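# Chains, contacts and geometry: an overview
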Amino acid sequence: MTLRVAEHSKDRDRQLAQIRQSLGTRSVVLIGLMGAGKTAVGRRLANWLDLPFTDADSEIEQAAGQSIKEIFAEHGERYFRDGERKVIARLLESGPQVLATGGGAYMNPQTRAAIEAGGISIWLKAELRVLMKRVGRRDNRPLLAVDDPETVMKELMAERNPVYTKADITVESREVPHEVIVGNVVDALAAKLGCDAMPAPRARRKKVH
Ligand code: S3P
């Protein structure tokens, strides 16, 4: 998918340049459950920041020459997790970039440490209803290929959300256009990195008759 370069105000452009500079070689790493919007938001965020976008799951598939579904079916989850850890460690060496990770990646303590060392982590947090609506659109997620995916998702939320809270930044992923979430992420990044905030929109002047 190619994205048109987003057009921003001068203030936003200045802020984005500041963020890029403050990042240095660190990557912006998106974490969160399946359906949180990591890839969709990540691609747009990379476009705003004029940084490369990398999707860890696609990199794992490329390295293995198999889809995630095939990796799980043929080799099992443990094998996938091992590959995931190695691929993310390698990717973090080539920042800056925007890196979207699979939902389970941040649960691995080594991966968490590598993300902390080489990136700024952003948890895209979403409600169960939003996640289920989004994951229902595709059948490429082996963990949800069960009779009752909602129960699995609830269990994953209970297990993972307390760990995701360790992320540097949390942004609510809501049912609004992706660009709105990207704006929220950029604002949060600017605050975290000590860059300029966007000026508040000017109040419209009342006409005096
Ligand atoms: C997984 C999430 C998937 C993928 C794999 C396992 C998980 O990525 O890595 O199916 O454990 O939550 P997305 O979060 O991008 O769907």
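Worth saying up front: this structure is predicted, and the values here are computed from it rather than measured. (Residues numbered from 1 in each chain as written. Predicted model: local features only at pLDDT ≥ 70, side-chain atom pairs only at ≥ 80, totals over all residues. Heavy atoms only, no water.)

## Things to note about the overall build of the chain
Scanning the chain from terminus to terminus reveals nine helices and five strands. What you see in the chain, going N to C, is helices and strands ordered as α-β-α-β-α-α-α-β-α-β-α-α-β-α. Here the C-alpha atoms of the chain give a radius of gyration of 18 Å, agreeing with the 17 Å that 2.2 N^0.38 yields for 209 residues. For the C-alpha atoms alone, the extent of the chain along its principal axes is close to 75 × 35 × 35 Å. Per-residue burial for the chain yields a buried fraction of 44% across its 209 residues. Here the contacts in the chain between residues at least 6 apart in sequence split such that 76% fall between residues at least 24 apart. Summed over all atoms, the accessible surface of the chain reaches about 11,900 Å², with 48% contributed by carbon and sulfur. Charge separation in the chain, taken as the distance between the mean sites of 33 positive and 28 negative side-chain charges, equals 8 Å. (Helix = DSSP H or I, 4+ residues; strand = E, 2+ residues; numbered from the N terminus. Rg over C-alpha atoms; globule rule 2.2 N^0.38 Å. Buried < 20%, exposed > 50% of the residue type's maximum accessible area, 1.4 Å probe, protein only. Contact = heavy atoms within 4.5 Å. Areas by Shrake-Rupley, 256 points an atom, 1.4 Å probe, with all protein chains shown as cover. Lys, Arg positive; Asp, Glu negative; His and termini not counted. Charge placed at Lys NZ, Arg CZ, Asp CG, Glu CD.)

## Description of the layout of surface pockets
Here the largest pocket is characterised by a volume of approximately 840 Å³. Along its surface, the largest pocket is lined by 34 residues, and T39, D57, R138, N140 and R141 are the ones closest to its centre. Secondary structure elements with two or more residues in the lining of the largest pocket: α2 (38–49), α3 (56–64), α4 (68–75) and α5 (77–91). With four residues, the top contributor of residues to the lining of the largest pocket is α2. Taken together, the residues of the lining of the largest pocket break down into 10 nonpolar, 11 polar and 13 charged. (1 Å grid on protein atoms, 1.4 Å probe; cavity = no way out; pocket = protein on both sides within 12 Å on 5 of 7 lines; lining within 4 Å. Points joined across faces, edges and corners; volume = space filled by probe spheres on them. Nonpolar A, V, L, I, M, F, W, Y, C, P; charged D, E, K, R; others polar.)

## Quick notes on the side chain of S121
Positionally, S121 belongs in strand β4 (residues 119–125). Excluding anything up to four places from it in sequence, S121 contacts V29, Y106, I115, A167, D168 and I169.

## A closer look at a negative patch on the surface
A cluster of acidic side chains, namely D147, D148, E150, E155 and E159, defines a negative patch on the protein surface. Within the secondary structure, E150 sits in helix α8 (residues 149–164). (Patch = residues over 30% accessible without salt bridge, like charges linked within 9 Å, V, L, I, M, F, W, Y side chains within 5 Å. Salt bridge = Lys/Arg side-chain N within 4 Å of Asp/Glu carboxyl O.)

None of the figures reported here should be taken as evidence of function without further support.
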